[in-house]
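Below are the chains, spelled out letter by letter.
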Protein chains: 2
Amino acid sequence: MIPVILSGGSGSRLWPLSRKLYPKQFLALAGVRTLFQQTVQRLGFEGVERPLIVCNQEHRFIVNEQLGVIGVSAQCILMEPFGRNTAPAVAIAALKVLAEGRDELLLVLPADHVITDEAALRQALEIARAAAEEGEMVLFGIPAERPETGFGYIKTAGSDSDSALIPGAYRVEQFVEKPDIVRASEFVRSGGYYWNSGMFLFRASRYLDELRSYESDIYDTCVLALERSKVEREVVQIDAGTFECCPDNSIDYAVMEKTSRACVVPLAAGWSDVGSWSSLWEVHAKDGNGNVLKGDVVVENSHSCYVHGNSKLVALLGMEDVVVVETKDAVMIAHKDSVQDVKKLVNALDAEGRQETRSHCVVYRPWGGYDSVDAGTRHQVKHITVKPGAQLSLQMHHHRAEHWIVVSGTARVTCDDKSFLLTENQSTYIPIASVHRLANPGKIPLEIIEVQSGSYLGEDDIERLEDVYGRTDKVKG
Amino acid sequence: MIPVILSGGSGSRLWPLSRKLYPKQFLALAGVRTLFQQTVQRLGFEGVERPLIVCNQEHRFIVNEQLGVIGVSAQCILMEPFGRNTAPAVAIAALKVLAEGRDELLLVLPADHVITDEAALRQALEIARAAAEEGEMVLFGIPAERPETGFGYIKTAGSDSDSALIPGAYRVEQFVEKPDIVRASEFVRSGGYYWNSGMFLFRASRYLDELRSYESDIYDTCVLALERSKVEREVVQIDAGTFECCPDNSIDYAVMEKTSRACVVPLAAGWSDVGSWSSLWEVHAKDGNGNVLKGDVVVENSHSCYVHGNSKLVALLGMEDVVVVETKDAVMIAHKDSVQDVKKLVNALDAEGRQETRSHCVVYRPWGGYDSVDAGTRHQVKHITVKPGAQLSLQMHHHRAEHWIVVSGTARVTCDDKSFLLTENQSTYIPIASVHRLANPGKIPLEIIEVQSGSYLGEDDIERLEDVYGRTDKVKG
């Protein structure tokens with residue numbers, strides 16, 4: 001059984017904590033580990049191979065780093081140049097596995113879900129495996145216990161043992177689009193309805209056969225896109241020119257709703273898709289007033305709130321059923337009944353070209369990261385952190401000079417034909433147009449304050465002459 | 001007529017915008033000018049002398065600067081070492097005026113009120129002047145048109161012309177403490193009730209006579225405190241040791257409720273004490289949804305909110321009757337019904353020793369100011385602005401070195417026995433224990449980035465060797 005972890009989402013419903021360049025799945029929203037790490041780690045048992053990861057290429061360094069922290073190496077990382085929904089993502093994963101001559105069962109898992117009962121998950125996986133071995137396409141269904149209007153529902157042919165394909169797996173009778181509250185309540189009352197979890201188990205060839213017969217365009221494009229991909233060790237860079245032509249579609253629409261082999265295995269394992277701020281509130285333990293408080297937060301006379309302070313003091317007075325999420329460059333205040341509009345808000349901000357939906361003030365790079373702490377028309381101040389042993393690219397700028405002051409650790413600085421070490425409380429000056437590089441030769445993180453001075457301070461004023469991370473895009477470092 | 005402007009408040013009800021070191025009256029909350037400046041400027045007509053200002057000594061540089069901007073020089077600035085409420089503040093002002101042999105009418109005005117109808121104010125002042133000339137103690141009363149529970153009420157003997165002392169001035173029948181909503185509603189219905197505005201007009205000697213007969217302790221202490229004051233040009237530094245012993249009391253309790261000479265002159269002039277965030281919402285023009293939005297704010301499906309963003313994007317979704325005030329180091333979200341609890345919250349934060357109630361990230365100094373933009377255990381980054389022609393003190397630090405990078409303007413740097421100029425994109429290093437000074441010899445503001453490095457970075461690590469502003473307290477610059 002090979003896990004295929006779908007990690008391509010942009011997580012806009014959890015803005016402003018989730019950003020396009022650092023979305024939801026890579027955040028530690030429900031524990032010490034990130035959702036992505038939790039998803040990988042919960043599969044650490046016998047009979048499950050190392051995962052195959054599908055992610056956006058912008059997130060490749062985050063994926064690598066987060067896998068490194070938990071000591072897992074993926075068997076393959078499929079990098080999408082952009083998202084085309086789940087049907088093509090899983091198709092390319094299946095094609096890759098088949099190309100290696102291994103027609104295994106694929107366990108398709110979104111990277112951004114919470115599951116609290118791992119024993120229940122393993123039981124459901126055993127049932128699903130038996131069904132998938134028989135050629136069935138298993139969809140894990142969450143017993144619908146509340147009338148949620150935000151999920152798709154699946155009606156099974158009945159849950160008595162007669163209608164079971166094998167014990168614990170049931171034939172799908174009908175897929176139901178997100179219902180209104182009245183219908184959702186009926187579904188819960190009548191029983192036999194499940195929420196579509198977006199988790200699947202099927203054999204690679206079975207999925208591809210079904211996809212080819214119902215959506216041959218997707219199948220054909222994915223075959224071509226994989227053929228034209230750039231492969232380097234375990235990393236596959238899907239060909240953008242080809243993948244661009246691929247129709248955007250979900251597994252559900254493209255295959256599951258059409259195939260005759262779909263079945264549901266119920267999964268009652270404390271599942272949540274953490275699909276909104278209110279569902280994040282739900283999965284957390286509350287205090288005596290029903291509040292979930294994170295960070296430097298004080299509340300007075302407030303109830304059933306989710307408050308997440310990241311960079312400063314957050315004070316609440318007399319609020320109820322409200323979500324407050326504070327980050328360094330944006331704060332969002334929403335009534336719980338309005339959290340589904342966050343995505344709409346993010347789209348509106350995107351349309352205005354705002355950066356607050358794309359990246360955090362703290363920007364992550366393979367060598368570490370930086371935090372923009374001050375900016376004016378002709379200057380900018382960054383706090384740069386370089387990991388031990390890491391180095392930025394050899395680079396130059398046409399429009400800005402830089403002053404570097406080491407505040408912790410040791411830096412190796414290259415500036416034109418000079419190379420020297422700087423330690424705490426030492427500084428240097430990088431003139432405009434000089435070829436330079438910053439590296440951390442030490443064993444602890446290097447922290448420097450960079451003061452940029454010049455008439456143009458855009459991140460794209462960079463010429464990369466050499467980069468150990470193989471980057472050619474015009475971004476800092 | 002001499003205005004006595006009471007500017008000693010700490011404005012904690014308007015936290016987090018208002019801070020102890022930069023309170024409400026010095027903020028531009030209702031227009032381009034600050035409330036203090038508006039208060040001074042609205043008295044710019046014939047028959048009114050230059051103002052006498054009572055303020056906390058911590059605010060002296062703010063008072064000076066704000067008067068300078070509007071081109072007004074006070075006839076006297078009385079600096080309190082700490083607040084003792086309004087009765088002593090006005091007593092010292094009256095004693096000062098009498099000491100100069102000028103027994104004038106004193107127009108006592110809080111520095112933090114809004115008045116929109118200046119013509120109505122002038123009319124009321126004319127009536128009040130006539131009454132005060134007769135020896136009356138005039139209290140300006142705001143006709144109670146709404147059942148506010150946050151104000152003290154005054155019942156007059158009747159508003160028909162028979163009971164008027166002179167046309168438009170009425171004898172006080174009764175002072176009423178802040179009523180509950182039922183009584184407040186009765187007052188509004190019955191008529192003849194006024195809110196206590198905290199604005200008064202009386203002759204200096206009349207006030208002192210009454211104070212001496214009802215509160216001789218206050219009178220005697222104030223006489224002594226003024227005698228022992230340090231006077232330099234128009235600035236009076238009230239003696240702390242003496243003033244400390246002065247009872248804390250308001251004009252109302254100490255004199256107005258006891259004297260037989262109290263009368264009310266109605267003032268219907270668009271008055272507001274801007275005493276809470278909801279009253280600030282009231283004085284502003286609203287958009288089509290009843291919202292008042294300031295700064296970088298986006299709202300969706302939200303009504304009757306006051307949102308004030310200062311340092312970052314603020315997004316509101318589905319909120320109603322809510323106040324959101326965002327500053328660089330604190331954000332407050334309060335239901336309008338809870339804004340009276342802001343003071344309680346501030347007191348609680350004070351008790352924990354939190355800095356967020358005392359000062360802003362941006363700290364004002366007579367020479368300019370600074371913004372703390374980044375900090376770690378062994379470093380701190382400040383963006384420092386020095387006004388043209390201004391200079392910091394000649395100083396040294398025992399525990400920190402400083403790196404200065406000029407990002408705009410020109411600096412004159414003194415470091416031990418060297419003195420030199422730095423311009424944009426130039427930098428220098430100030431070693432630990434060197435005697436140094438930063439000055440702006442230019443015509444535009446000097447902006448520098450200062451990176452401090454050391455084992456102790458407290459503001460009190462400073463030895464002042466020389467200061468053009470006469471400061472000896474251990475604060476930066």
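Residues numbered from 1 in each chain as written. Chains lettered and ligands numbered in written order. Predicted model: local features only at pLDDT ≥ 70, side-chain atom pairs only at ≥ 80, totals over all residues. Heavy atoms only, no water.

- With an unreviewed UniProt entry as reference, chain A is termed Alginate biosynthesis protein AlgA, source organism Pseudomonas cavernicola.
- Quoted verbatim from the Function (unreviewed entry) heading of the UniProt record, the comment on chain A is "Produces a precursor for alginate polymerization. The alginate layer provides a protective barrier against host immune defenses and antibiotics." (UniProt positions renumbered as here; feature names shortened; annotations may be inferred.)

Examining the overall build of chain A
Stage number 1. The helix and strand tally for chain A stands at 11 helices and 31 strands.
Stage number 2. Projected onto its principal axes, the C-alpha positions of chain A cover 80 × 60 × 40 Å.
Stage number 3. When burial is assessed residue by residue, chain A has 56% of its 477 residues classed as buried.
Stage number 4. Sequence separation of at least 24 residues holds for 69% of the intrachain contacts in chain A that already meet a minimum separation of 6.
Stage number 5. For chain A, the computed accessible surface area is about 18,800 Å², with 47% contributed by carbon and sulfur atoms.
Stage number 6. Across chain A, the mean location of the 49 positive side-chain charges is 4 Å away from that of the 65 negative side-chain charges. (Helix = DSSP H or I, 4+ residues; strand = E, 2+ residues; numbered from the N terminus. Buried < 20%, exposed > 50% of the residue type's maximum accessible area, 1.4 Å probe, protein only. Contact = heavy atoms within 4.5 Å. Areas by Shrake-Rupley, 256 points an atom, 1.4 Å probe, with all protein chains shown as cover. Lys, Arg positive; Asp, Glu negative; His and termini not counted. Charge placed at Lys NZ, Arg CZ, Asp CG, Glu CD.)

Brief notes about the relation of the copies chain B and chain A
Stage number 1. Mapping chain B onto chain A calls for a rotation angle of 180° and an axial translation of 0.0 Å; the resulting RMSD is 0.1 Å. On this basis, the relationship between the two copies can be described by a two-fold rotation axis. Within chain B, the C-alpha atom positioned nearest to the axis of rotation is that of Val373 of chain B, 2.8 Å from it.
Stage number 2. The overlap is high: 100% of the interface residues of chain B also sit at the interface in chain A, so the same surface is used on both sides. (Least-squares fit on C-alpha atoms with pLDDT ≥ 70 in both.)

Describing the state of the cysteines
Here, the word disulfide means a covalent bond between the sulfur atoms of two cysteines.
Stage number 1. Applying the stated rule across the entire model yields zero disulfides over all chains.
Stage number 2. Free cysteine: Cys76 of chain A, not disulfide-bonded; nearest cysteine sulfur from Cys55 of chain A at 10 Å.
Stage number 3. Unpaired in this structure, Cys361 of chain A has its nearest cysteine sulfur neighbour in Cys361 of chain B, at a distance of 14 Å.
Stage number 4. With relative accessibility at 18%, the residue Cys361 of chain A sits in the buried group. (Disulfide = S-S within 2.5 Å.)

Some details on the UniProt feature "domain: MannoseP isomerase/GMP-like beta-helix" (unreviewed entry) in chain A
Stage number 1. In the numbering adopted here, UniProt assigns the feature "domain: MannoseP isomerase/GMP-like beta-helix" (unreviewed entry) to residues 296-349 of chain A.
Stage number 2. Span residues 296-349 of chain A is 15% helix and 44% strand, its end C-alpha atoms 27 Å apart.

Thoughts on the interface of chain B and chain A
Stage number 1. Between chain B and chain A, the residue contacts involve 52 residues of the former and 52 residues of the latter.
Stage number 2. With both chains or domains summed, chain B and chain A bury close to 4,200 Å², and 60% of this area falls on carbon and sulfur atoms.
Stage number 3. A per-residue breakdown of the area chain B buries against chain A is headed by Lys312, Leu317 and Ile333 of chain B, which together make up 16% of the total.
Stage number 4. Taken together, the links from chain B to chain A amount to six salt bridges.
Stage number 5. Considering each element in turn, the side of chain B that touches chain A owes the most residues, six residues, to strand 20 (residues 330-335) of chain B.
Stage number 6. Residue composition of the side of chain B that touches chain A, grouped by class: 26 nonpolar, 13 polar and 13 charged.
Stage number 7. The pairing of strand 20 (residues 330-335) of chain A with strand 18 (residues 313-317) of chain B spans five bridges and is parallel. Across the sheet, residue Ala330 of chain A finds its bridge partner in strand 18 of chain B, namely Leu313 of chain B. (Buried area = accessible area lost by both parts, 1.4 Å probe. Salt bridge = Lys/Arg side-chain N within 4 Å of Asp/Glu carboxyl O. Nonpolar A, V, L, I, M, F, W, Y, C, P; charged D, E, K, R; others polar. Pairing = 2+ DSSP bridges.)

Observations regarding the pattern of salt bridges
Stage number 1. Under the criterion given, the structure shown has 54 salt bridges over all chains.
Stage number 2. Between Lys24 of chain B and Asp112 of chain B there is a salt bridge, with its nearest N and O atoms 3.1 Å apart. With Lys24 of chain B in the loop between strand 1 (2-7) and helix 1 (35-41) and Asp112 of chain B in the loop between strand 4 (105-110) and strand 5 (114-115), the pair connects residues that are 88 residues apart, well separated along the chain.
Stage number 3. Here Arg203 of chain B and Glu133 of chain B are joined by a salt bridge, their closest N and O atoms 2.8 Å apart. Of this pair, Arg203 of chain B sits in strand 10 (residues 193-203) while Glu133 of chain B is found in helix 4 (residues 118-133), placing the two residues 70 residues apart along the sequence.
Stage number 4. Residues joined in a network through salt bridges with shared partners are Glu49, Lys96, Glu100 and Arg102 of chain A.

What about helix 6 (residues 204-214) of chain B?
Stage number 1. If you check which residues of helix 6 of chain B are buried, you get Ala204, Ser205, Tyr207, Leu208, Glu210 and Leu211 of chain B.
Stage number 2. As for helix 6 of chain B, its buried residues are in contact with helix 3 (86-99), strand 4, strand 6 (137-143), strand 10, helix 7 (216-227) and helix 9 (251-256) of chain B.

Side note on the pairing of strand 2 (residues 52-56) of chain A
Residues and elements named next belong to chain A.
Stage number 1. Summarising burial for strand 2: five of the five residues are buried, a large majority.
Stage number 2. Here strand 1 (residues 2-7) runs beside strand 2; their pairing, made up of four bridges, is parallel. The partner of Ser7 across the bridge, within strand 2, is Cys55.
Stage number 3. Between the parallel pair strand 1 and strand 2, the chain is carried across by helix 1 (residues 35-41), and the sense of this crossover is right-handed. (Right-handed = clockwise from strand over helix to strand, strands pointing away.)

Digging into the environment of Trp404 of chain B
All names here are of chain B.
Stage number 1. Within the fold, Trp404 resides in strand 25 (residues 400-408).
Stage number 2. Of the residues examined, Trp404 reaches a relative accessible area of 3% and is grouped as buried.
Stage number 3. Distance from Trp404 to Ile448, taken between C-alpha atoms, is 6.4 Å for residues 44 residues apart in sequence.
Stage number 4. Not counting the four nearest positions on each side in its chain, Trp404 is found in contact with Val413, Gln426, Ser427, Thr428, Ile430, His436, Arg437, Leu438, Ile448, Ile449 and Glu450.
Stage number 5. A distance of 3.3 Å separates polar atoms of two side chains, one belonging to Trp404 and the other to Glu402. (Polar contact = N/O pair within 3.5 Å; in protein donor to acceptor, adjacent residues only side chain to side chain.)

Points about the sheet that holds strand 30 (residues 446-454) of chain B
Residues and elements named next belong to chain B.
Stage number 1. Within the open sheet, the six strands sit side by side as 21-22-23-30-25-28. Their pairing is antiparallel. Across the chains shown, the open sheet's two edge strands, defined by having one partner strand only, are strand 21 (362-365) and strand 28 (427-430). Across the sheet, the mean angle separating the axes of adjacent strands is 20° when strand polarity is ignored.
Stage number 2. For strand 22 (residues 368-375) and strand 23 (residues 379-386), the ladder comprises seven bridges, and the chain directions are antiparallel. Directly across from Tyr370, in strand 23, lies its bridge partner Ile384. (Axes fitted to C-alpha atoms, helices over the stretch in contact; angles between N-to-C directions.)

Structural notes on the domain arrangement of chain A
Stage number 1. By domain assignment, chain A separates into domain 1 (2-272), domain 2 (277-349) and domain 3 (362-466).
Stage number 2. Of note, the centres of domain 1 of chain A and domain 3 of chain A, computed from C-alpha atoms alone, are 41 Å apart. (Domains from an automatic or database assignment.)

Concerning the sheet that holds strand 18 of chain B
Stage number 1. Taken in spatial order, the six strands of this open sheet run 15(A)-17(A)-19(A)-20(A)-18(B)-16(B), and their pairing is mixed. Edge strands, defined here as strands with exactly one partner in the open sheet, are strand 15 (292-294) of chain A together with strand 16 (297-300) of chain B. The average angle at which neighbouring strand axes cross in this sheet is 5°, direction not considered.
Stage number 2. Of the strand pairs in this sheet, strand 16 of chain B and strand 18 of chain B are connected by four bridges, and their pairing is parallel. Bridging from a neighbouring strand, Val297 of chain B pairs with Val314 of chain B of strand 18 of chain B.

What to know about the packing of aromatic side chains
Stage number 1. Enumeration according to the criterion identifies 26 aromatic pairs over all chains in this entry.
Stage number 2. Each ring, one from Phe61 of chain B and one from Tyr469 of chain B, has its centre 6.4 Å from the other, and the planes form 80°; the classification is edge-to-face. Taken together, the residues span a long stretch of sequence, with Phe61 of chain B in helix 2 (residues 60-69) and Tyr469 of chain B in the segment after strand 31 (463-466) at a distance of 408 residues.
Stage number 3. Here Phe61 of chain B falls in the partly exposed class, since its relative accessible area comes to 22%.
Stage number 4. Owing to a relative accessible area of 25%, Tyr469 of chain B belongs among the partly exposed residues under this scheme.
Stage number 5. Geometrically, the ring pair formed by Trp195 of chain B and Trp271 of chain B is tilted, given 6.5 Å between the ring centres and 50° between the ring planes. Of this pair, Trp195 of chain B sits in strand 10 while Trp271 of chain B sits in strand 14 (residues 271-272); the two residues are 76 residues apart in sequence, bridging distant segments of the chain.
Stage number 6. Lying across the ring of Trp281 of chain A, Lys336 of chain A places its NZ or CZ 3.2 Å from the centre.
Stage number 7. Seen from the ring of Tyr370 of chain A, Lys382 of chain A lies directly overhead, with NZ or CZ sitting 3.9 Å from the centre. (Phe/Tyr/Trp six-rings, centres within 6.5 Å; stacked < 30°, edge-to-face > 60°. Lys NZ or Arg CZ within 6 Å of the ring centre and 35° of its normal.)

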